Structure formats: C-alpha cells, structure tokens
Amino acid sequence: MFPAAFDYRAPSSLAEAVDILRQRGEEAKVMAGGQSLIPLLKLRFSQPALVVDIGRLPNLAGVERKDGHLRVGALTRHVQVESNTDLRTLCPILPEAAHWIADPLIRNQGTVGGSVCHADPQGDWGSVMLALDADFVARSESGERTIKAADFFQGPFTTALRPDEVLTEIRIPLAAHSAGAYNKLERKVGDFATVAVAVQVEMNGDKIAKAGIGLTSVGDRNLKARDAEKSLAGKQPTDEAIAEAARLAAAAAEPKADVRGSAEFKRDIVRVFVQRGLKTAVARARGGQ
Amino acid sequence: MAATHVHGGIGESIKRKEDSRFLHGKGNYIDDLALPGMLHMSILRSPHAHARLKSVDTSAASGMPGVIAVVTGELMAQHKLAWMPTLSNDTQAVLATDKVRFQGQEVAAVIAETRYQAEDARDAIVVDYEVLTAVTSPEGAKTAGAPLIRDDKENQKDNHIYHWESGDQGTTRAAFAKADKVVRLHTFYPRCHPAPLETCGCVADVNGVTGKATIYMTSQAPHAIRTVFALVTGLPEQNIRVISPDIGGGFGNKVPVYPGYVVATAASLLIGRPVKWIEDRTENLISTGYARDFHMTGDLALDKDGKITALRVHLDSDNGAFFADAQPSKFKAGLFHIVTGSYDIPTAHITADGYYTNKAPGGVAYRCSFRVTEASYLIERLITNAAIEIGMDQAEFRKKNFIRKDQFPYHSATGWVYDSGDYHKAMDVALDQLGYDELRKDVEKRRKQGEVTGIGIASFTEVVGAGHGADFDILGLRMFDSAELRVHPTGKAMLRMGTKSQGQGHETTFAQIVAEELGIPAADVAVEEGDTDTAPYGLGTYASRSTPVAGAATAMVSRKLREKGRKIAAHLLEAAEEDLEWERGRFFVKGSPDKGKTIQEIAFAAYTNLPEGMEAGLEGVHYYDPPNMTYPFGTYAVVVDVDKGTGQVKVKRVVAVDDCGVRINPMIVEGQIHGGLTEGFGIAFMELITFDAEGNCIGSNFMDYLLPTAWESPKFELGETVTPSPHHPLGAKGVGESPTVGSPAAYVNAVIDALSPYGVKNIDMPVTPDKVWAALRAAGVSE
Amino acid sequence: MNSVSPNLDALARHVSLKVNGAERSADVEPRVLLVDFIRTNLRLTGTHIGCDTSSCGACTVLVDGTPMKSCTLLAVQVSGRSISTVEGLAAGAAMSPMQTGFHEEHGLQCGFCTPGMMLVGTALLEHNPNPTEEQIRWAISGNICRCTGYMNIVKAIQHAAAIKAEAVKAPKPEAVAAGGGQ
C-alpha cells in the first residue's frame, strides 16, 4: 500500500512556509509529524498535489510557561508532553491525555499541532483544548491571528484554518487551583477512543469557579459540553452537582452506533467519564498548587 | 563417555538453532527476495460484495509508466485458469469473469516494474458493476428468494452447500426425552482471521527455456500446493518447484492456494520474467482464509444428579462465496464432532449445514485442528452454563462428568478413540495452582461489596495429528508426513522434512529427536524444510500435526539408521549384533562398556569401512502414517474483574495446565502455549471480522481488526501434567493449538460467571465493553 | 504518455541518510516510504512491513535513537538524519545484549516482529536501564507479536538490561565497544 505521487516541499523558515501556502495552499496538505497524513496518503484517501513538510521549521517545538499561559508549539511531539514532569502538577490533563494517544512509537513522531489540525472527531487533543479553553495561533503571509478552541473545530477533519495558514502555537490559560483529567475508553493500545472525556476545573475555595468539558468520538467533531460546564460554575462539587453535569454532558453528546457500540452505550460512557473526571480533577485541584 | 557429550535430547530446553538469522535481520521472508528482472503485481479487488461484472476496461492502465501487463479474468479464461479447485472440492474464481461474490474478490491484476507503478495503474482500471443484493449470513442464505450466489454451478439451485451428521439421532432423542434437565446455549463463534504478522505472497519465476516453474511462496504445505498446481496448470509436477522460505507466522492462513499465486505464476509464464506478489494487510484480511463463523445451538441433557446423559448440537456454517475450508475431505464440518470434549457423554447427535454467503472464502483452522476450536468452545460454554443453572460449582460439575483415567482408550459417542488422558489430575493441578477454594470465597465476599468479578474454567480435549491416512486425506492425499535423515561421514547430519515451520522451532525440536534417538548432538543436525525439490513429500504444518506425525517420522527414521549403525558397529567391534547394547550416541559390547563405537565413528565407517556386501552411506527416509490422532488436553482457569461503569473486562489471572504428553523442548512448548493463550485472548475480547448489510467488510485493517498488544495481554501461569500418547513413538502429542482451542471458553466463562448473579447467560465473542455494559444495564447495574 | 500522470522524475528528491553509521543516499520520489527506501534501495531487509496503518511496528527503526515506524515516514522527510536498523545491532558476529536476551529467553518465534521489538527494547534501556515489567509492556505496546504472547519478550528485555548492568559493574573494553554497533 503506497501513496499516489505528489510534489514535496520542506520549507526551512516560517516565512517560506506561508509563502508556499499562499501560492499553492489549495492543492497542498501541510504535514508536521505525518502520523495522521501518511496513513491517509497510503490508503490513497488523500491525494494532494503537494505535501508541505513543516517538520523542519525551527522554534515551533516545546512547551513553555509565559504570561500566565502555557505555550505549546505546534511541532511539540506527544511524547514531549507525556514526559514533561512539570506539567503533571501545572496542567495534569496534558500529560494524561498524551499518554493515551496512539502508541509510544507514534507519540515519538506525531505532533500536538498536527493532531489538532487533522481535526479527527476521534482525536484526543481537541477535547482537551476545548476543556482548557485554549487559543490557536495561526500564521499566514498576511499576519497572525488567534482562534478560540470553540471556534477552531468546525466538522470532521475541518478546522477554521485557511489553506494559506499554518498553526504555530496553542496557548493554554493557567489558573491557580485548577486541574483536569482525561478518561478514555479504547479497545486496545493504538485504538482511537470509543469515547473519551476531558475535564478541567478551577476551584475557588470549596466551590468550582469554572469548569471545562470536552468530548471525544461522540459527534462530528470534538464537542464542548457547555450546559454541563455552566451547571457547575459556582457550585460545590457534590455528588448531585457532578451527576447533574454528567447528565447534561451525556445529553450534549451526539454519538452514532458503530462497531464500537450503540449510541446509548457511548452516551452513558460520557456520563460515567464526566463523573469520574470531575472527581479526579477536583481532588487534583485541591491537592495541588 | 561419549553420551555425556551428547546434548539436546528430549526434555531439554535448548536454545533455538534458528534464532541467529532472525536476530541479525537476516531471515529470508518472501518479500525479502529480489530476483534479477523481477516485476511487481498489484491486484484490483471488488468493492462490492455481490455484483455482475459488466465490463473491465484496462486501456488507461495498460499505457501507464512501468506497466508490463494487465491480466483480467477473460485472459485467464483463455488459458483455462479463470477458476481453480478449492481444498474442499469446490471451485473458486481466480479472476472474476461473470460476477464478484465477495468484497475484495480478485478482478484484475497489474504487473509493472515497481509496486508504486502497479498500484497507480491498478487504480486506473475501470470496472462497470451491476450491484446485486448481498447475502451476509446463513439465515439470509436460506431465506426464500435469497439471491443465488453460485449461479456458475450447474446443479446449484440454492445457497446450501452441505448437510453433515455425526452420532446417533435415535438414542440421543431418547435420552433427551428422559432428561431431568435440559440446558440450551445458542452461540455464535464469529468470523476471525489468523492475521499472521507477515501477509501472504509469492515470487513466481517461470523459466521460458526449461519450462521450470519455481514458485517461492508463503505456504504451510508446499508439497500439497505443488500437486494442486500441477493439477490446475497441467504443468508436469517435476517442473514445478515450490519453495517456502522463512514464514512470518501462519496460524492456518497460509494453507490454501490463493488466486494471487496462480495469477503471478501465469503472469511470469506469459511475460517470461519473475513476478512478485505481496499482499497488503487489507488484502490479507478481506480475501484470504478466515476462520470460524459458526452459528451453534447446543443442548445438554442432565439427570437429577447432574450427570450428563446426552448432547445434541446443530450448527450453521457460513462458508463464504466458495467452499474452501482447508480440512480433511471426508469431514464437511472438520473435526467438530469432538464436541463431546472431556466428558463421558453416552450419546450425542450433531447436525451441520454449510451455506454460501457473499463473504470471503476460507474456513481455515486458525491455530486449530479443523473446527476443534468451535467444538471446544461450545461444550465448555455449555458445561459452565449447566453448572450455573443447576447451582453446582463449575469445577465440581466438570469432575463429575469427566471421562475417568481408567476409561482410556475411550470410545466417544461420535466415534473417536481417545488415546490417553487424566482429566481429573489436570483439573486438580489447575485448581491448586489457582488457589481455587480461597479465590471462590474472595469472589463471594467482593460480590457482596458490589464488585463484579468471576472465575472461568475450561477443560478442553483436542484431537490433533491427522491422519491416520485411511480416514484423513486432503483431496485424496493421505495425511502422512515424512523425514529424511542423512548422516555425513563426520557424523553431522541433515534432516529434511515434509513439514514447514512458521515459527514453531522445527529446526530445534526435530534435531532434538535425532539427538535423542541417534545420539548426534542437536547442534550437529541441520534441519531443512519447504523446498519441494529436496524435501520428502509431506502434507505440511497445521492442525498441530508436525510433532505427532513428522516428529514420529523423525524418530522412526533415526531408529532405522540406528539399526544399520548396529550392524556397522558389530563389524567394527568384531562382535555379534545381539551382543551390542545402545546408549544414547554409542553402541558397546555387553559387559564391556569400554569397548564401543560412537555414532560418529559408525557414520565414518559407513563411508569408509563397511561390512562386506553392505550398501554404503547412512541415510534413510520414513513416511509415517499415524495409527490414530493424539488427544492433548488441559484445564485453563481465568479470573476477571468487570468495570461496572464502562463494561471493560480486566483479566487478572490465567492459569493454564496443559498435558501434551512428552515435551520435546519444554521452552518451545511453553512459548507455544503463551502465544496460543494470547491469540485466544484476542479472539475472546477483540478479534472480529464482521460485515454490514451490504456485505462491506469491517475489520479490514489493523485499526479495525484488533490484535492484542503487550499492554492488554494477560500474564500466564503455566502448569503441566504428562500423560504420554500410547501410540506415538515418543509419547508426544501436539500442543501448538491447545491454548487457542481451550482458552476462549475460559475467558468467556469467567465473564459469564462474573455476570451470573445478574442472570446473564451468554455474551458472544468478542466480549467487548459495549456488550458487557448492555448486560449490566439490562440487569439494573450501573455506576 | 498520459498527460495527467505526474512527471515522476521531476518529482525526485535526493535523500541522504546515515544508516547504521554509514552514509547512504539515493534519488527517490517523495512518496517513497522510509521502510521501502531501507528495504528496496538499501537492501536491508531486516526491517519488515506487517500492516499499512501504523498499527504493528514490524517496520520499527531508530531515528536519531528514537523508535519510529518507518512505514509512516517518508524517506525524504528524514533526510539528513541517523537511522539504526536491526542490521546495526550486532558488532560483527557478536550479538548485542538485546539480541542475546531474545535468544536466551526465547523471545522470538517466527521472527517477523523481532527486529522492531529489539530496537524498541534497545532504545528503552538507553534512558531507563532497569525498567519494570509494566514499563516494558508499555514501551512495546506499539509493536505487535502474534507468536510469543509477549511474556518472553518482556523477559528478553530484562535479560538484556541485566547483561548491560553487569557490563557496567565490570567493564571489559570489548564489551563497551560492542555496545552501539556504530
């Protein structure tokens, strides 16, 4: 199984990359680590005329803390997030989610930016970024713009990025007394999620100041469970409040039956995982920082 | 003395002789072969499960860069090669000419300079299909008005292939009429696939001048394949050389002849250059030998004391578009009638019907001795359900109904003669190793705390090592096997076999048999298999038959040479033959242990200093036709926890006690058991080939056809008992498949035991979280 | 010539890699997969193809010491980098600790997954010289073995770790030199 022929460019600077995309963005596919794109090329589901390999661009990999934010470079590999020990207290949902992405070898090469731009509804990072209310920084020849996570994912394999744009960075707001959790049901290592739920909470005393909930594999894109998030704001994390949020999140899911299970099954797993995730996140937020 | 230097005999866990080339990346698998001028073939396959072929337009493809030829069914038909026989006496399309009958069926093939070019041109072939209604189950196949799948066969008026029976209907019916309790289980053993890590492939090299066809092929049975090729193509058999190189796993997948082999050979013949065809993974999963796909209903009759009085089974077999089961030809449902298992069941009656469907053909024994796996699964699931239904402990119920040690050789209700067994002992060892009584108490305690946990047991009996040849044949070829042993003047030896290892360690195990029987150290015995020009004829390696049949042949040929060696030793020692005694590796004069000749000295003399009139050399061949099958058995026990929230099953422990008779290399035997238990785990929990209503295959790559990784796979605790086979020269039985045959029921029984407090009686494999979740929620259990 | 088919020669790129310590290069189309480059262009056939979907790890190589799936990398994408394959594990006929571990513990049967497993194990021990069973199982979870049930692969990697630990304790010049196969 081999790809159909394509042309290939590997720009060495961001300026060169956006210049190529300005000219040929419509017929091009941008490749970061290639772990989502290359399988599609091999299956010939995707047959672009041009592959723009941004894997060699400098200064786009790594996670750093800056201006109250975490800045995750688009070319940061999953393994860099997974093995970053600082993140385990600073933003535990990130290494936890990274840990369950694909398999160890793919995590060595696949990137956070490539994964979110691929926008697979079964992808993990999208839900995490929705729960974290992250911002996506896109660059084109006309400049830089910021896209809210909630606006970024527009449908299956479709994002708000224009063909002439490249994602450079993801900005994640950091708050004190906050933490998250990622729960994923997969059939085996390397499988996409049957269902996964990202939960992030910010505590204010014994109350939840703010909650973020993202859902994986239960819609045509990663979903943000807004009603469930709102229901928690200002509430104590009692069993009742958590159960209500879980119920609302399950109601917001739009699962489809497939070989992994019925829609009812997936909806109920959303409920179970929101409950589990909230309990873990609250405990972590109280315990840490 | 000499014997102390001999090592690698039976019972020694010597390291494998074949390892070195694999460890250095120097294995010689089919895709590693590159011949001068070699071309590459890519096959165009049907996207539809059932469609009439209206036209195949190859004009664009033919003109593309690097393309040498495009082969269609029409072209194959001109050479009378559009159809070929299957291993079950049916016919199978090589390239479609009239209809396509399953998704993935071979329609055309491109031969090009590179594989990239072959695939580019393949995508440029334009096929016009008239889509027909697909049949995707036996239920659908027998529906009135169902589309006729095999309209190519003159006398085929419906989709029914065969009806087959075993046992005694009258006595069984009478026993059920008197039963105090009848336990019924309807279960579906789903379609799965052996999925060896290396796909199938070949390099066909037909020499246009000599007419010699050399076909390198991933075949578990190269000799039988050569004969089939001779019959199909009309080429003289001496002009066909099949070479099986190193094989990256087989598990039954590499027994049949696949259309790709035939097309590549025809293409090489037509073009005059070698042609390589290597399946991609999707081709492997959607078109080559699937396994199982049995819909089974079993009834167990019990008396009031919990003794089984009769067994009745009906099954519908989903055989796909062509009846291509790889199995002994006399048995339409394989050896399924071993279904009475380890139990003393006075009477049984089995009926089976096979149906054509619009699914891939195959019916191969995925790490199984011809449908023994389905049989073992059914009886072991039935036994656990019966125990639960009558409120008796699973282990206790089994022990109550086991065939007793003193009943062997045991004549079963379906006509088998079990060679040897001690089922109670294997059970006791397993229960002891598990700490069953304590664990049972723990389960009860944890259940009271709301946990969902259970223990499953399966006590399987297998039937492996086909033949005897009078009963077991494939297309008339009797299921013997062979060994040819040639001892060189320096006392080193070459052993050639009719079998073909796919990772089982034949180069070590068979050398150890020679080491044991002839005293030549295993390290000095080179073992070769897989080249039909050099190896003696054999039926191949599958159905756990290599040790029972070819292993016996090795012992017998070694003994033949030993007897010639006795004559030579007598000559060298100037002693009478009857005055010589044998110890491993050496003859010596009775009463004078210092006066002796080693096998190496004898071998040298066989070429240099023979008794007057004796034929030179020390070599021989033995074709072994086993008098009976061997019947390995064992008890497996599995402990599981179930997550009430998600339905996920966690396998906590697996205890596996196997009795395969005498173990030749215990390390290799244990390795086989580990592997089989893992494949059994995969089948029980994740491996599945399924189809949607249109006949689209789901499970067509490794993202959908799930194989367990190290992370999911359980750790295994092995135990053993040894009950030698009385008729095998070494007392050995087959083992490679026992764990795949026995373990699926143990895994599922553990889940059913865990869910039994909620009245759950069955979950069909694979036992996935959604099915367990549904069972829990239906019982009102949630998180 | 078909006008819609791309001019493949014009697409070709120069790929230059260090493979097992030796500089290797060729002009290939961008679509050529690293695994195909290694197997077909370099004729190093110890790196295998088991699936097409990044699922099995039979094609695992080390890229600058990190295990990756060479079926899901373009050759051109890793041009300029350093690749280690199974053929580079041994120093001549002397097996590396990982190869010895697999032999001693019966960590292979058909041998098809073995190169990938050994390379992952080798990389694992580089940054975690004494891994637990759980860490080993996690590390090899991107690689499928159909034969062994993984039990003996775990033992093989532990065996290699023990050999390496022993070598560190009592360093012999030749044992140290044999380590990298560079």
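Residues numbered from 1 in each chain as written. Chains lettered and ligands numbered in written order. Predicted model: local features only at pLDDT ≥ 70, side-chain atom pairs only at ≥ 80, totals over all residues. Heavy atoms only, no water.

1. Notes on the pairing of strand E23 (residues 481-487) of chain B
All names here are of chain B.
- Among the seven residues that make up E23, six are buried, leaving the element largely enclosed by the rest of the structure.
- As judged from the seven bridges shared by E23 and strand E29 (residues 618-624), these two strands associate in the antiparallel manner. Bridge pairing in E29 places Val487 opposite Leu618.
- Relative to strand E24 (residues 493-497), E23 runs antiparallel, the two sharing five bridges. Bridging from a neighbouring strand, Glu484 pairs with Arg496 of E24.
- Hairpin connection from E23 to E24: five residues lie between these consecutive antiparallel strands, with Gly491 at a positive phi of about 85 degrees. (Buried < 20%, exposed > 50% of the residue type's maximum accessible area, 1.4 Å probe, protein only. Helix = DSSP H or I, 4+ residues; strand = E, 2+ residues; numbered from the N terminus. Pairing = 2+ DSSP bridges.)

2. Digging into the domain arrangement of chain C
Residues and elements named next belong to chain C.
- Examined at the domain level, chain C breaks down into domain 1 (12-86) and domain 2 (97-168).
- Computed over C-alpha atoms, the centres of domain 1 and domain 2 are 22 Å apart.
- With both chains or domains summed, domain 1 and domain 2 bury close to 1000 Å², and 67% of this area falls on carbon and sulfur atoms.
- When the area that domain 1 buries against domain 2 is broken down by residue, the three leading residues are His48, Thr60 and Val86, summing to 40%.
- Taken together, domain 1 and domain 2 are joined by zero salt bridges.
- At the junction of domain 1 and domain 2, the tally comes to five residue pairs in polar contact (both at pLDDT 80 or more).
- For the side of domain 1 that touches domain 2, the secondary-structure elements that each account for two or more residues are strand E3 (60-63) and strand E4 (66-69).
- Ranked by the residues each element gives to the side of domain 1 that touches domain 2, the list is headed by E3, at three residues.
- When its residues are assigned to classes, the side of domain 1 that touches domain 2 shows seven nonpolar, nine polar and one charged. (Domains from an automatic or database assignment. Buried area = accessible area lost by both parts, 1.4 Å probe. Salt bridge = Lys/Arg side-chain N within 4 Å of Asp/Glu carboxyl O. Polar contact = N/O pair within 3.5 Å; in protein donor to acceptor, adjacent residues only side chain to side chain. Nonpolar A, V, L, I, M, F, W, Y, C, P; charged D, E, K, R; others polar.)

3. Things to note about the interface of chain C and chain A
- Between chain C and chain A, the residue contacts involve 31 residues of the former and 31 residues of the latter.
- Interface area, chain C with chain A, both sides summed: about 2700 Å², of which 62% is carbon and sulfur.
- In this structure, Asp7 of chain A engages Arg13 of chain C in a salt bridge whose closest nitrogen and oxygen atoms are separated by 2.9 Å.
- Counting the contacts that link chain C with chain A gives 12 residue pairs in polar contact (both at pLDDT 80 or more).
- Counting residues per element, the side of chain C that touches chain A draws most heavily on E4 of chain C, which supplies four residues.
- When its residues are assigned to classes, the side of chain C that touches chain A shows 16 nonpolar, nine polar and six charged. (Contact = heavy atoms within 4.5 Å.)

4. A closer look at unusual backbone geometry
All names here are of chain B.
- Residue Pro409 follows Phe408 across a cis peptide bond; omega there is -5 degrees.
- Mapping Pro409 onto the fold places it in the loop between helix H12 (394-401) and strand E18 (410-411).
- Following Ala466, the chain continues into Gly467 via a peptide bond in cis, with omega recorded as 5 degrees.
- By secondary structure assignment, the location of Gly467 is in the loop between strand E20 (452-461) and strand E21 (473-474).

5. A short note on the sheet that holds strand E30 (residues 633-642) of chain B
Residue and element names in this part refer to chain B.
- With respect to topology, four strands assemble into an open sheet ordered E20-E30-E31-E34, the strand pairing being mixed. The two strands at the open ends of the sheet, each matched to only one other strand, are E20 and strand E34 (716-720). Averaged over neighbouring strand pairs, the angle between their axes works out to 15 degrees when direction is ignored.
- The strands that helix H13 (residues 423-434) touches are E20, E30, strand E31 (649-659) and E34; relative to E31, the one it contacts most, it runs at about 140 degrees.
- Packed on one face of the sheet, helix H19 (residues 738-755) meets E20, E30, E31 and E34 and runs near 150 degrees to E20. (Axes fitted to C-alpha atoms, helices over the stretch in contact; angles between N-to-C directions.)

6. Section: the sheet that holds E23 of chain B
Residues and elements named next belong to chain B.
- Reading across the sheet, the four strands line up as E25-E24-E23-E29 and stay open at both edges, with mixed pairing between neighbours. A strand with exactly one partner marks an edge of an open sheet, and here the two such strands are strand E25 (525-529) and E29. Going from strand to strand, the sheet's axes swing by 15 degrees on average, the running direction of each strand aside.
- Packing against the sheet, helix H16 (residues 546-573) makes contact with E23, E24 and E29, and its axis sits at approximately 145 degrees to E29.

7. Focus: helix H1 (residues 14-24) of chain A
Residue and element names in this part refer to chain A.
- Among the residues of H1, Leu14, Ala17, Val18, Ile20 and Leu21 are the ones counted as buried. End-on, the buried residues of H1 take up no more than an arc of 155 degrees, which puts them together on one face. Turned more than 90 degrees off the buried face of H1, the exposed positions are Ala15 and Gln23.
- Where H1 is buried, its residues touch strand E1 (7-9), strand E2 (28-31), strand E3 (50-53), strand E6 (135-140) and strand E10 (166-173). (Arc of directions from axis to C-beta.)

8. Concerning the domain arrangement of chain A
- What the domain assignment reports for chain A is domain 1 (7-53), domain 2 (63-173) and domain 3 (178-285).
- The gap between the C-alpha centroids of domain 1 of chain A and domain 3 of chain A is 34 Å.

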